[in-house]
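Descriptive structure summary
Listed here are the chains, written in short residue letters.
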Amino acid sequence: MLGAAFGSLHPHVRRAHLPPLRAEGTIEVEHGPGWLTGPMIWLMKLPAAGPRQPVHLDVAEEGSELVWTRRIGGSVLRTRQYATGASGSRLVERSGLGRVSFDLTAEDGALLYRQSSIHVAGLPVPSSLSPRVGAVVSATAEGWRVGVTVTWRGRLVCRYAGTIRAS
């Protein structure tokens, strides 16, 4: 992932992306208002809202893919990730029928995820209709901080952030 730029990430951020990994921490989860928020959270398998939710993360390697299992409070999200592109700067994350592609960049030792596309059942979802997902993973003294934001048409759907450390 990221090719030579992977080395520019802070060691804790690099560790957060190398299998095998078992990690734990706490996450704050916020949901946005609106009647579409609930169905979008359910479809995207996003975590329930709540403060200081325990997080357990497992990352395993299966062939050319990484299998990420996130347990946030009572919610479980299992995805498969793989790198694409000549420099490995694009990451594809799959869950069920959905697939989100991210452009990855390293900035000040942190890893930034910027969504480039969403597909459902192999069909591209036009950007005017799709949710937008972005994330940042940055170093802390003992591990890393993750922040994920999902919006739709400029409105908050879900935001979660917190600190995690390898266990």
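Structure's up top.
Keep in mind that what you see is a predicted model, and the values were worked out from it rather than measured.

Inspection of the secondary structure assignment puts Leu 46 in the loop between helix 2 (37–44) and strand 2 (50–62). Linking Leu 46 and Glu 65, residues 19 residues apart in sequence, is a C-alpha distance of 21 Å. With near-sequence residues (within four places) excluded, Leu 46 lies in contact with Ile 41, Ser 75, Val 150, Val 157, Cys 158 and Tyr 160.

Tracing the backbone shows His 17 in the loop between helix 1 (11–15) and strand 1 (21–31). Here Val 13 takes part through its backbone oxygen, which lies 2.8 Å from a polar atom of the side chain of His 17. If sequence neighbours within four positions are ignored, His 17 has contacts with Met 1, Phe 6, Leu 66, Trp 68, Leu 111, Tyr 113 and Val 137.

What follows is about empty space enclosed by the protein. Following the criterion strictly, the structure yields one cavity of 30 Å³ or more and no others. Volume-wise, the largest cavity comes out at about 40 Å³. In terms of lining residues, the largest cavity is bounded by Lys 45, Pro 47, Arg 70, Arg 71, Ile 72, Ser 75, Val 76, Leu 77 and Tyr 160. Of all the elements in the fold, those that place two or more residues in the lining of the largest cavity are strand 3 (65–72) and strand 4 (75–84). Here the lining of the largest cavity is built from residues that sort into five nonpolar, one polar and three charged.

What follows covers the layout of surface pockets. Considered as a void within the structure, the largest pocket measures approximately 940 Å³ in volume. Lining of the largest pocket is provided by 40 residues; of these, Met 44, Leu 46, Leu 77, Glu 93 and Val 100 occupy positions nearest its centre. Tallying contributions element by element places strand 10 (residues 144–152) first for the lining of the largest pocket, with five residues. Approximately 190 Å³ is the volume attributed to the second largest pocket. Considering the residues around the second largest pocket, the lining is formed by 13 residues, among which Met 1, His 17, Leu 66, Ala 83 and Leu 91 are closest to the centre. Counting only elements with at least two residues in the lining of the second largest pocket, the list comes to strand 3 and strand 4. Of the residues forming the lining of the second largest pocket, the biggest block, three residues, is contributed by strand 4.

Another point: the pattern of salt bridges. Summed over all chains, the structure comprises nine salt bridges. As a salt-bridge pair, Glu 65 and Arg 94 come within 2.9 Å of each other at their nearest N and O atoms. Pair noted here: Glu 65 is in strand 3 and Arg 94 is in strand 5 (residues 90–95), with a separation of 29 residues, a long-range link. Relative accessible area serves as the criterion here: at 15%, Glu 65 is assigned to the buried category. Three or more residues are tied together by salt bridges with common partners; here these are Glu 62, Glu 65, Arg 80 and Arg 94.

Right, let's get into the nonpolar core. Counting residues in hydrophobic clusters, the biggest one holds 37 residues, and the most contacted among them are Ile 27, Tyr 113, Trp 144, Val 157 and Tyr 160. Looking at which element gives the most residues to this core, the answer is strand 10, with five residues. Not counting residues up to four positions away in its chain, the partners in contact with Val 157 are Glu 30, His 31, Gly 32, Thr 37, Met 40, Ile 41, Leu 46, Val 150, Thr 151 and Trp 152.

Right, let's talk about the pairing of strand 7 (residues 110–120) for a bit. Here strand 6 (residues 98–107) pairs with strand 7 via ten bridges, running antiparallel. The residue bridging Ser 101 from the neighbouring strand is Ser 117, located in strand 7. Two elements, strand 7 and strand 9 (residues 132–139), share four bridges in a ladder whose sense is antiparallel. Its bridge partner being in strand 9, Arg 114 is matched across the sheet by Gly 134. Pairing geometry for strand 7 and strand 8 (residues 123–124), over two bridges, is antiparallel. When the bridges of strand 8 are listed, His 119 appears paired with Pro 124. The turn joining strand 7 and strand 8, which pair antiparallel and follow one another in sequence, is formed by two residues; a positive phi near 55 degrees is taken by Ala 121.

The rules behind each value
Residues numbered from 1 in each chain as written. Predicted model: local features only at pLDDT ≥ 70, side-chain atom pairs only at ≥ 80, totals over all residues. Heavy atoms only, no water. Helix = DSSP H or I, 4+ residues; strand = E, 2+ residues; numbered from the N terminus. Contact = heavy atoms within 4.5 Å. Polar contact = N/O pair within 3.5 Å; in protein donor to acceptor, adjacent residues only side chain to side chain. 1 Å grid on protein atoms, 1.4 Å probe; cavity = no way out; pocket = protein on both sides within 12 Å on 5 of 7 lines; lining within 4 Å. Points joined across faces, edges and corners; volume = space filled by probe spheres on them. Nonpolar A, V, L, I, M, F, W, Y, C, P; charged D, E, K, R; others polar. Salt bridge = Lys/Arg side-chain N within 4 Å of Asp/Glu carboxyl O. Buried < 20%, exposed > 50% of the residue type's maximum accessible area, 1.4 Å probe, protein only. Core = buried A, V, L, I, M, F, W, Y, C linked by side-chain atoms within 4.5 Å. Pairing = 2+ DSSP bridges.

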